[in-house]
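Single-letter residue listing:
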Amino acid sequence: LNIFRIMLIFTAGGFAYGLIEVSARGFTHISMGILGGAAMCLIHMLNRLPHTPLRLFKTLAISALFITVCEYITGEIVNVQMGLQIWDYSMLPMNIDGQVCLPFTLLWFALSAVGVMFDDFLRIRLMHEKRILFYTNKKEQTAA
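A brief look at the structure comes next. (Residues numbered from 1 in each chain as written. Predicted model: local features only at pLDDT ≥ 70, side-chain atom pairs only at ≥ 80, totals over all residues. Heavy atoms only, no water.)

### Some thoughts on the packing of helix H1 (residues 3–25) against helix H4 (residues 102–126)
Now for step 1: Where H1 contacts H4, the two axes come as close as 11 Å, and the packing angle between them is 135 degrees. Here H1 is positioned oblique relative to H4, judged by the angle of their axes. In this structure, H1 meets H4 at a crossing whose hand is right-handed. Of the residues in H4, those in contact with Arg5, Leu8, Ile9, Ala12, Gly13, Ala16, Tyr17 and Ile20 of H1 are Trp108, Leu111, Phe118, Asp119, Leu122, Arg123 and Leu126.
Now for step 2: Classifying every residue of the contact of H1 with H4 by side-chain character gives eleven nonpolar, one polar and three charged. (Axes fitted to C-alpha atoms, helices over the stretch in contact; angles between N-to-C directions. Helix = DSSP H or I, 4+ residues; strand = E, 2+ residues; numbered from the N terminus. Parallel < 35°, antiparallel > 145°, perpendicular 65-115°, else oblique. Left-handed = near helix turned anticlockwise from the far one by under 90°. Contact = heavy atoms within 4.5 Å. Nonpolar A, V, L, I, M, F, W, Y, C, P; charged D, E, K, R; others polar.)

### Topic: the pattern of salt bridges
Now for step 1: A full pass over the atoms with the stated rule returns four salt bridges.
Now for step 2: Notably, a salt bridge pairs Asp119 with Arg123, separated by 2.6 Å at the nearest N-O pair. Placement of both Asp119 and Arg123 in helix H4 is noted, with a separation of four residues, approximately one turn of the helix.
Now for step 3: Since its relative accessible area comes to 4%, Arg123 is described here as buried. (Salt bridge = Lys/Arg side-chain N within 4 Å of Asp/Glu carboxyl O. Buried < 20%, exposed > 50% of the residue type's maximum accessible area, 1.4 Å probe, protein only.)

### Considering helix H2 (residues 30–46)
Because an α-helix packs 3.6 residues into every turn, residues spaced three or four apart end up facing the same way.
Now for step 1: Look at H2: 25 Å from first C-alpha to last across 17 residues, which is about the 24 Å you get at 1.5 Å a residue.
Now for step 2: Along H2, the positions that sit buried rather than exposed are Ser31, Met32, Gly33, Leu35, Gly36, Gly37, Ala39, Met40, Cys41, Leu42, Ile43 and His44.
Now for step 3: Where H2 is buried, its residues touch H1, helix H3 (53–81) and H4. (Expected span 1.5 Å × (residues − 1).)

### Things to note about the packing of H3 against H4
Now for step 1: Following both chains from N to C, one finds H3 and H4 inclined at 125 degrees, their axes separated by 8 Å at the closest point. Viewed along their axes, H3 and H4 adopt a mutual orientation that is oblique. Handedness of the H3/H4 crossing: right-handed. Between H3 and H4, the residues in contact are Leu56, Phe57, Thr59, Leu60, Ala61, Ser63, Ala64, Ile67, Thr68 and Glu71 and Thr105, Trp108, Phe109, Ser112, Ala113 and Val116, respectively.

### A few points about the packing of aromatic side chains
Now for step 1: Using the criterion set out here, one finds five aromatic pairs in the structure.
Now for step 2: Taking 6.5 Å as the distance between ring centres and 40 degrees as the angle between the ring planes, the aromatic pair formed by Trp87 and Tyr89 counts as tilted.
Now for step 3: On the basis of relative accessible area, Trp87 is assigned to the buried category, the value being 5%.
Now for step 4: Among the aromatic residues, those joined into a cluster by ring pairs are Tyr17, Trp87, Tyr89, Phe104 and Trp108. (Phe/Tyr/Trp six-rings, centres within 6.5 Å; stacked < 30°, edge-to-face > 60°.)

### Quick look at the side chain of Glu129
Now for step 1: Along the polypeptide, Glu129 turns up in the segment after H4.
Now for step 2: Reaching out from Glu129, the side chain makes a polar contact with the side chain of Arg5 at a distance of 2.7 Å. (Polar contact = N/O pair within 3.5 Å; in protein donor to acceptor, adjacent residues only side chain to side chain.)

What follows is the structure in structure tokens.
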């Protein structure tokens, strides 16, 4: 991966996740943009091979676990240590210290599928790659 590609993927992921947060709860925090960018970079690295159902499931599971771990670490820093209280999952089932919970891990799994589709779009439209798309199983032809 070259630096331009990494910056593009990181920025696109951070911006997209920020928009999702603002749409869903009316605000976001810079830490969420950083997490969205990091998650998108991971998805981009995992999404380099043609899709099969098992490979796609593994990509989504690894991404959801990565996001959950990063969210926990970030939450412990910004919410617990710094006291910013950006989010609090303590009222949700199966939470750990109010920073992560099973319902949101399942949401990260689903959003990772959106991330894979977004990555395919970026690869085809902005990076002019030929990709085998998981939803068509056909090579996408792009104009150079």
